[in-house]
Amino acid sequence: MNHIPIIHVGNYLLVTVQVDLHDSVALRLQDDITIELVKVHARGVLIDISSLDMVDSFVGRVLGNMTALCHALGSQMVVVGMQPAVAITIVELGLLLDNLHFARNVDQGMVLLQNLIQADSESYGSGSGHAHEQE
Amino acid sequence: MALHNVDDVILVRLAVRKWMLEESFSLLKQTKMVTASSELARNAVIHGGGGVARLDKVEDGERLGIRLMVEDHGPGIANLKRALSGGYSNGNGLGLGLSGSRQLVDQFDLFSELGKGTCVTITMWR
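Values in this document were obtained by computation on a predicted structure and should not be read as measured data.

## A few points about the overall build of chain B
Right, so step 1: Across its full length, chain B carries four helices and five strands.
Right, so step 2: A compact globule built from 126 residues should have a C-alpha radius of gyration of about 14 Å, and chain B, at 14 Å, falls within 12% of that.
Right, so step 3: Its C-alpha atoms give chain B principal-axis dimensions of about 40 × 30 × 25 Å.
Right, so step 4: Among the 126 residues that make up chain B, the fraction classed as buried is 52%.
Right, so step 5: Considering only contacts within chain B whose residues lie at least 6 apart along the sequence, 60% involve residues at least 24 apart.
Right, so step 6: In chain B, 15 positive and 14 negative side-chain charges are present, and the distance between their average locations comes to 5 Å.

Given below as structure tokens:
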């Protein structure tokens, strides 16, 4: 079974998808992200899909679920590196994915993640559930 | 190619990609056709109870094309109009398979009979 590694980068998780995101792999990845997020109190997850040469509605759903999962766990998620041909295809496919955040590459993705987390903190005010950030 | 489970969907994608690469289709056309193929093959497995996929090269005068036929013997499509209009699609992918594939390819043909099954044929010209 293929296993997608999750790397810790500071306060974030970096996931580089290099294999086909089919059913068992996708489910395993969702589980792994959940476990890691909770274990290390990561505030953000970066998913690098630059190796994916195809995103169909199933993969779109998986990415959407992962975003919802992150939000439920108080984190943000950004998807980076979508190939141009894939971007054109998903738009024509009708896959909106408008609850997802995208950036061109990992660097820009990190900046976006930081901004999203900052905005999140500000909208909830200080002192609510942020104690673990001091660890 | 048999379509019994989701692993077979991957095989269909790989076959389509390989054929199109060999025949020098553009990357964009490859991506669109592979994506459409994935949607249809998945539909056959998930909704059609499994089926078969058949890949052919087609020629129309000077044009060269790739044709994929996906057939299942499932329940058939009850509301064709709704299925082809994006069905239950709410933007996150559910229900997009048929209508989406249609948008992506050059030719789209569908035959469905309630209680008998569904056959979808898509063609991409080079």
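Read on for the rest.
## Thoughts on unusual backbone geometry
Right, so step 1: Located in the positive-phi region is A:Leu97, a residue other than glycine, with phi close to 50°.
Right, so step 2: Mapped onto the secondary structure, A:Leu97 falls in the loop between helix H3 (84–93) and strand E5 (101–103).
Right, so step 3: In this model, B:Ser24 sits at a positive phi of 55°, which is unusual for a non-glycine residue.

## Points about the side chain of B:Gln30
Right, so step 1: Looking at where B:Gln30 falls in the secondary structure, it is placed in helix H2 (residues 27–46).
Right, so step 2: Look past the residues within four positions of B:Gln30 in its chain and what remains in contact with it is B:Arg17, B:Met20, B:Leu21 and B:Phe25.

## What about helix H2 (residues 57–72) of chain A?
Right, so step 1: Taking 1.5 Å of rise per residue, the 16 residues of H2(A) would be expected to cover 22 Å, and the 22 Å separating its terminal C-alpha atoms lies within 8% of that figure.
Right, so step 2: Where H2(A) is concerned, the buried positions are A:Ser57, A:Phe58, A:Val59, A:Gly60, A:Val62, A:Leu63, A:Gly64, A:Met66, A:Thr67 and A:Cys70.
Right, so step 3: In this structure, the buried residues of H2(A) make contact with helix H1 (23–40), strand E3 (44–48), strand E4 (76–80) and H3 of chain A together with H2 of chain B.

## A look at empty space enclosed by the protein
Right, so step 1: According to the stated counting rule, one finds one cavity of 30 Å³ or more in the structure shown.
Right, so step 2: Looking at the largest cavity, its volume works out to about 50 Å³.
Right, so step 3: Considering the residues around the largest cavity, the lining is formed by A:Leu21, A:His22, A:Met54, A:Asp56, A:Phe58, A:Val59, B:Val6, B:Val9, B:Ile10, B:Arg13 and B:Arg42.
Right, so step 4: Counting only elements with at least two residues in the lining of the largest cavity, the list comes to H2 of chain A together with helix H1 (6–22) of chain B.
Right, so step 5: No other element matches the four residues that H1(B) contributes to the lining of the largest cavity.
Right, so step 6: Tallied by class, residues from the lining of the largest cavity come to seven nonpolar, one polar and three charged.

## Topic: the sheet that holds strand E1 (residues 6–9) of chain A
All names here are of chain A.
Right, so step 1: Spatial ordering of the open sheet is given by E1-E2-E3-E4-E5, a layout of five strands whose pairing is mixed. This sheet does not close on itself; its edge strands, each paired only once, are E1 and E5. Sheet twist, expressed as the average angle between the axes of neighbouring strands with direction ignored, equals 30°.
Right, so step 2: Note: E1 against strand E2 (residues 12–16), four bridges, orientation antiparallel. Along E2, the bridge assignment pairs isoleucine 6 with valine 15.
Right, so step 3: Most of the contacts of H2 go to E4, to which it runs at about 150°, and overall it touches E3 and E4.

Cut-offs applied
- Residues numbered from 1 in each chain as written.
- Chains lettered and ligands numbered in written order.
- Predicted model: local features only at pLDDT ≥ 70, side-chain atom pairs only at ≥ 80, totals over all residues.
- Heavy atoms only, no water.
- Helix = DSSP H or I, 4+ residues; strand = E, 2+ residues; numbered from the N terminus.
- Rg over C-alpha atoms; globule rule 2.2 N^0.38 Å.
- Buried < 20%, exposed > 50% of the residue type's maximum accessible area, 1.4 Å probe, protein only.
- Contact = heavy atoms within 4.5 Å.
- Lys, Arg positive; Asp, Glu negative; His and termini not counted.
- Charge placed at Lys NZ, Arg CZ, Asp CG, Glu CD.
- Expected span 1.5 Å × (residues − 1).
- 1 Å grid on protein atoms, 1.4 Å probe; cavity = no way out; pocket = protein on both sides within 12 Å on 5 of 7 lines; lining within 4 Å.
- Points joined across faces, edges and corners; volume = space filled by probe spheres on them.
- Nonpolar A, V, L, I, M, F, W, Y, C, P; charged D, E, K, R; others polar.
- Pairing = 2+ DSSP bridges.
- Axes fitted to C-alpha atoms, helices over the stretch in contact; angles between N-to-C directions.

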